[in-house]
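# Observations on the three-dimensional arrangement
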Amino acid sequence: MDPIKYFTFSMIISILGIRGILLNRRNIPIMSMPIESMLLAVNLNFLVFSVSSDDMMGQSFASLVPTVAAAESAIGLAIFVITFRVRGTIAVESINSIQG
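These figures come from a predicted structure and were not determined experimentally.

Parameters at a glance
- Residues numbered from 1 in each chain as written.
- Predicted model: local features only at pLDDT ≥ 70, side-chain atom pairs only at ≥ 80, totals over all residues.
- Heavy atoms only, no water.
- Helix = DSSP H or I, 4+ residues; strand = E, 2+ residues; numbered from the N terminus.
- Buried < 20%, exposed > 50% of the residue type's maximum accessible area, 1.4 Å probe, protein only.
- UniProt positions renumbered as here; feature names shortened; annotations may be inferred.

### Comments concerning the overall build of the protein chain
Looking only at helices and strands, the protein chain features 4 helices and 0 strands. Starting at the N terminus, the α and β elements of the protein chain follow one another as α-α-α-α. Judged by the C-alpha coordinates and their principal axes, the protein chain covers about 50 × 25 × 20 Å. Taken over 100 residues, the protein chain has a buried fraction of 20%.

### Here we look at the UniProt feature "transmembrane region" (unreviewed entry) in the protein chain
In the numbering used here, UniProt assigns the "transmembrane region" (unreviewed entry) feature to residues 6–23, 35–52 and 64–84. With 100% helix and 0% strand, the stretch residues 6–23 has end C-alpha atoms that lie 25 Å from each other.

### A word on unusual backbone geometry
Although it is not a glycine, Asp54 adopts a positive phi angle of roughly 55 degrees. With respect to the secondary-structure elements, Asp54 resides in the loop between helix H2 (28–53) and helix H3 (57–87).

The following block contains the structure:
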């Protein structure tokens, strides 16, 4: 197994995730999708480190990442719903004016 290939692939996914966040600043749900791809890259890194070092700790952390992603998605969806009810839109331009 050549871990450099997997780390390169993970780095590409992370860079695409960062690029997606920086370029898609119109709609909040679209901004949250690159965050999920960055979590996928972190998960891949955990698995590759675990396999290359023959340690189960990375695999156990990799099993916790989907739990964190699900919790993040649920909280984000709740924020989207509340914002849509209050403001009538989920556009990022209108959310920038939130104060408090």
